[in-house]
Amino acid sequence: MPLDSISHNFLTARLEDVVRWARRNSVFPATFGLACCAIEMMATGAAHYDLARFGMEVFRASPRQADLMIVAGRVSNKMAPVLRQIYDQMPEPRWVLAMGVCASSGGMFNNYAIVQGVDHVVPVDMYLPGCPPRPEMLMDAILKIHAKIMDEPLGTKRAAELATSGHKTELVPSSIKFAPKGKRHERETVLGAPNEIRALAEGDEGKR
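Here is a short report on the structure shown in this document. As the structure is a prediction and not an experimental result, all values here were calculated from the model. (Residues numbered from 1 in each chain as written. Predicted model: local features only at pLDDT ≥ 70, side-chain atom pairs only at ≥ 80, totals over all residues. Heavy atoms only, no water.)

## Some thoughts on the overall build of the protein
When its secondary structure is counted, the protein shows eight helices and four strands. From first element to last, N terminus to C terminus, the protein shows the α and β order α-β-α-β-α-β-α-β-α-α-α-α. Scored against the burial criterion, the 208 residues of the protein give a buried share of 34%. Long-range pairs, those at least 24 residues apart, make up 71% of the contacts in the protein between residues at least 6 apart in sequence. Working note: accessible area of the protein is about 12800 Å², and carbon and sulfur atoms make up 57% of it. (Helix = DSSP H or I, 4+ residues; strand = E, 2+ residues; numbered from the N terminus. Buried < 20%, exposed > 50% of the residue type's maximum accessible area, 1.4 Å probe, protein only. Contact = heavy atoms within 4.5 Å. Areas by Shrake-Rupley, 256 points an atom, 1.4 Å probe, with all protein chains shown as cover.)

In structure tokens form, the structure reads like this:
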């Protein structure tokens, strides 16, 4: 039967791809702002940067309705058990983004009161440097988590097999991945740029 004889439109896809697409476009962050990085996180969700474009404008007050924990700020030893409890209450699959240098490594607070990296408390999927990182940087990290979600297989067994195989998700900077052709920033094409970035830029130059 030819396709033009069918009266209704339809799409074909793998169920795994559809589930990944649904997960990527409906990531709900947990409300967990700890310090000054939380101000930048709030700005990202406001109208100017409009995080709603990615289907994640709703910061959930309940961890049972959230699947992304953005640890925005320093984590004290007193707050660490609370953070872990909230993480444990989040349903699978769940992801963690360490926002800012304080959440990633303790930052300038190298003392007994501050956890020297939130990865001592919960597993971290994405580290975002900066003090504090700008909203554009947070959105770039979120887009990288989206790429990670689209590369994750369904089921814990298949995910474990993929992890043991040494597979790594290719994370291309948003300034390159989403830039119009011919609009690459000059600092991304200089000789000092990373090899994979320079290869992408030179590839586009050759196509034009």
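## Some remarks on the nonpolar core
Within the largest apolar cluster, 23 residues are counted, with the highest numbers of intra-cluster contacts made by Leu68, Leu97, Met99 and Leu138. Elements supplying a minimum of two residues to this core: α2 (37-45), β2 (68-72), β3 (95-99), β4 (126-128) and α5 (135-150). In terms of residue count, the dominant contributor to this core is α5 (seven residues). (Core = buried A, V, L, I, M, F, W, Y, C linked by side-chain atoms within 4.5 Å.)

## Side note on unusual backbone geometry
Here Glu92 and Pro93 are connected by a cis peptide whose omega angle stands at -5 degrees. Along the polypeptide, Pro93 turns up in the loop between α3 (80-89) and β3. Residues Cys131 and Pro132 are joined by a peptide bond in cis, for which omega reads -10 degrees. Structurally, Pro132 can be placed in the loop between β4 and α5. The phi dihedral of Asp50 falls on the positive side, at around 55 degrees, and the residue is not glycine. Following the sequence through the fold, Asp50 ends up in the loop between α2 and β2.

## Structural notes on the layout of surface pockets
Of the volumes computed, that of the largest pocket is approximately 720 Å³. Around the largest pocket, the lining is made up of 25 residues, and of these Trp95, Asp125, Lys148, Glu152 and Ala159 lie nearest the centre. The set of elements that each furnish at least two residues to the lining of the largest pocket consists of β3 and α6 (156-164). Of the residues forming the lining of the largest pocket, the biggest block, four residues, is contributed by α6. (1 Å grid on protein atoms, 1.4 Å probe; cavity = no way out; pocket = protein on both sides within 12 Å on 5 of 7 lines; lining within 4 Å. Points joined across faces, edges and corners; volume = space filled by probe spheres on them.)

## A word on empty space enclosed by the protein
Applying the stated criterion across every chain yields a total of one cavity of 30 Å³ or more. The calculated volume of the largest cavity comes to roughly 50 Å³.

## Quick notes on the packing of helix α1 (residues 15-24) against α5
Here α1 crosses α5 at 160 degrees, and the two axes come no closer than 9 Å. In terms of orientation, α1 and α5 fall into the roughly antiparallel class. Crossing of α1 against α5: the hand is right-handed. Contacts between α1 and α5 involve Arg20, Trp21, Arg23 and Arg24 on the former and, on the latter, His146, Ile149 and Met150. Partitioned by chemical class, the residues of the contact of α1 with α5 number three nonpolar, one polar and three charged. (Axes fitted to C-alpha atoms, helices over the stretch in contact; angles between N-to-C directions. Parallel < 35°, antiparallel > 145°, perpendicular 65-115°, else oblique. Left-handed = near helix turned anticlockwise from the far one by under 90°. Nonpolar A, V, L, I, M, F, W, Y, C, P; charged D, E, K, R; others polar.)

## Describing the side chain of Arg20
Assignment of secondary structure puts Arg20 in helix α1. Residue classification places Arg20 among the buried residues on the basis of a relative accessible area of 11%. Discounting residues that sit within four places of it in the chain, Arg20 has contacts with Arg14, Ile149, Met150, Asp151, Glu152 and Pro153.

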